[in-house]
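Overview (structure and organization)
Spelled out from the first residue to the last, the chains are:
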Amino acid sequence: MGSLDIGIDLGTTKIIIHKAGAGVLLHEPAVVAINTKDNSIIAVGEEALRMLGRTPGYIVAEFPLRDGVISDHVMTEILLKHCIKRACDSLIIKHRVIICVPSEITDVEKRAVVEAVVNAGGRKVFLIDEPIAAAIGAGIDISKPKGNMVIDIGGGTTDIAVISLCGVVVSQSIKFAGDKVDEEIIKYISSKFKISIGKKMAEQVKKEVGNLYKPSHDIKTSVKGRNLLTCYPQLVTVSECDIYEAVEEFGEMIVEEIKKVLDQTPPELASDIIETGILLTGGTSLMKGIAKLIEERTGVKTTVADDPIGCVSRGTSLAFDYVDILQTGFTSETHI
Ligand SMILES: Nc1ncnc2c1ncn2[C@@H]1O[C@H](COP(=O)(O)OP(=O)(O)OP(=O)(O)O)[C@@H](O)[C@H]1O
Ligand SMILES: [Mg+2]
């Protein structure tokens, strides 16, 4: 009989539902569009993302989790229910669910997420720390008495953790990740080129010419926006070196936080990390040069996991193997 265990990565930018053996059941942007006249749901996921910034006044399309915290509880619940229903084809079957939520959300918000999953058909719900899920999903055997440093750089938060024996030994979470990089690019283009661009354009620029290590003047891309002085649409060309000015501080901040965590790491685990290296997961670890920057500054071999965006969701569904032994990885659970 097929298992009813599913894992959910509820991220700031996207939601992925994964089932061990079956793979990804759903991968959608974490966006909901609502008609405020009658509170009806107009779209969820990809379709709602296409509406962002393009809706008439009575339609609200938004990311209910922003900067790594829940900014809208009702929308978050709608998002979860809708996605679980779509992925699992039924709300009646009672699943066991392991869910990963942004580390900065409060205990009250965590309970709200657990309740939303229960209302959507979860029989028993576990919350898991993002670095633990990322490590499991990246194929690390977290049960060994060996130190591993995992850094998940997502959209809203960067989570840095040293893991050993199924637990987080030292960790640090900052609300500074891919979304803030996009904001810095928007500010930079506005101040240097006097052009206003939207979030989607900024993200595209980041993916094309964002480079945190030895940026080049020759790698360029076109940026479309609105001239702030004339108000007419305008096209400008920006290089990796231009965008480096906007993203450099982000790189420095990540390196600073890693150093703080390494400072607090017990010596035995620190020497393990020299051997095992630093593993990067999360979408922002795909940013060009980030691994090289960290490796050069810390002196520790740094690699980006295979499929870094999928690591956490894969880890949530594989974590059922660890349910009995995980100590600090699970922060809460519920039964109905
Ligand atoms: N190729 C790429 N280059 C740079 N950034 C990228 C790339 N691909 C995705 N990203 C960024 O990764 C971020 C999303 O990562 P991820 O899916 O891990 O976040 P999340 O899990 O939703 O957020 P969080 O864990 O912070 O709640 C976005 O900011 C996105 O722009
Ligand atoms: Mg994430």
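What you are looking at is a predicted structure, and each value in this text was computed from that prediction instead of being measured.

1. Considerations on the domain arrangement of the protein chain
As far as domains go, the protein chain holds domain 1 (5-132 + 313-335), domain 2 (142-176 + 251-308) and domain 3 (178-246). Between the C-alpha centres of domain 1 and domain 2 the distance comes to 25 Å. With 18 residues of domain 1 in contact, the opposing surface of domain 2 contributes 17 residues. Summed over both sides, the interface of domain 1 with domain 2 buries roughly 1400 Å², with 60% coming from carbon and sulfur. Looking only at domain 1, the three residues that lose the most surface to domain 2 are Glu-104, Pro-131 and Ile-132, adding up to 36% of its buried area.

2. Some words on the site of ligand 1
In the vicinity of ligand 1 there are 22 residues, among which Thr-12, Thr-13, Lys-14, Glu-203 and Lys-206 approach most closely. Gly-156 places a main-chain nitrogen or oxygen 2.8 Å from an oxygen atom of ligand 1. Here an oxygen atom of ligand 1 and a side-chain polar atom of Glu-203 are 2.6 Å apart. Considered on its own, ligand 1 offers 660 Å² of accessible surface; in the complex 91% of this is hidden by protein.

3. Re the packing of aromatic side chains
This model, assessed by the stated rule, comprises two aromatic pairs. Pairing Phe-176 with Phe-250 gives two aromatic rings, centres 5.7 Å apart and planes at 20°, and the pair type is stacked. Residue Phe-176 is located in the loop between strand E13 (167-174) and helix H5 (178-193), and its partner Phe-250 is located in helix H7 (residues 240-264); the two are separated by 74 residues in the primary sequence. Judged by centre distance (6.4 Å) and plane angle (80°), the rings of Tyr-188 and Phe-193 are edge-to-face. What makes Tyr-188 buried here is its relative accessible area of 10%.

4. Regarding the layout of surface pockets
Within this model, the largest pocket holds a volume of roughly 1200 Å³. Those elements that place two or more of their residues in the lining of the largest pocket are strand E1 (5-10), strand E3 (23-29), helix H1 (46-51), H5 and helix H6 (199-209). Grouping the constituent residues of the lining of the largest pocket by class yields 12 nonpolar, 15 polar and 19 charged.

5. With respect to unusual backbone geometry
Look at Leu-165: it is not a glycine, yet its phi comes out positive at around 50°. Structurally, Leu-165 can be placed in the loop between strand E12 (158-164) and E13. In this structure Leu-165 comes out as exposed when scored by relative accessible area, which is 52%. Positive phi, normally seen in glycine, also occurs at Cys-231, with a value near 70°. Tracing the backbone shows Cys-231 in the loop between strand E15 (220-227) and strand E16 (233-239).

6. So, the sheet that holds strand E18 (residues 302-304)
Here we have five strands laid out as an open sheet, ordered E13-E12-E11-E17-E18, and mixed in their pairing. On the outer flanks of this sheet lie E13 and E18, each paired with one strand and no other. Across this sheet, the average inter-strand angle for adjacent strands is 20°, counted without regard to direction. Examined bridge by bridge, E12 and E13 share seven bridges and lie antiparallel to one another. Among the inter-strand pairings, Ser-164 is bridged to a residue of E13, identified as Gly-167. Helix-sheet contacts for helix H4 (residues 130-137) involve strand E11 (148-153), E12, E13 and strand E17 (278-281), and the interaxial angle to E12 is about 65°.

What counts, and at which threshold
- Residues numbered from 1 in each chain as written.
- Chains lettered and ligands numbered in written order.
- Predicted model: local features only at pLDDT ≥ 70, side-chain atom pairs only at ≥ 80, totals over all residues.
- Heavy atoms only, no water.
- Domains from an automatic or database assignment.
- Contact = heavy atoms within 4.5 Å.
- Buried area = accessible area lost by both parts, 1.4 Å probe.
- Near = heavy atom within 4 Å.
- Polar contact = N/O pair within 3.5 Å; in protein donor to acceptor, adjacent residues only side chain to side chain.
- Areas by Shrake-Rupley, 256 points an atom, 1.4 Å probe, with all protein chains shown as cover.
- Phe/Tyr/Trp six-rings, centres within 6.5 Å; stacked < 30°, edge-to-face > 60°.
- Helix = DSSP H or I, 4+ residues; strand = E, 2+ residues; numbered from the N terminus.
- Buried < 20%, exposed > 50% of the residue type's maximum accessible area, 1.4 Å probe, protein only.
- 1 Å grid on protein atoms, 1.4 Å probe; cavity = no way out; pocket = protein on both sides within 12 Å on 5 of 7 lines; lining within 4 Å.
- Points joined across faces, edges and corners; volume = space filled by probe spheres on them.
- Nonpolar A, V, L, I, M, F, W, Y, C, P; charged D, E, K, R; others polar.
- Pairing = 2+ DSSP bridges.
- Axes fitted to C-alpha atoms, helices over the stretch in contact; angles between N-to-C directions.

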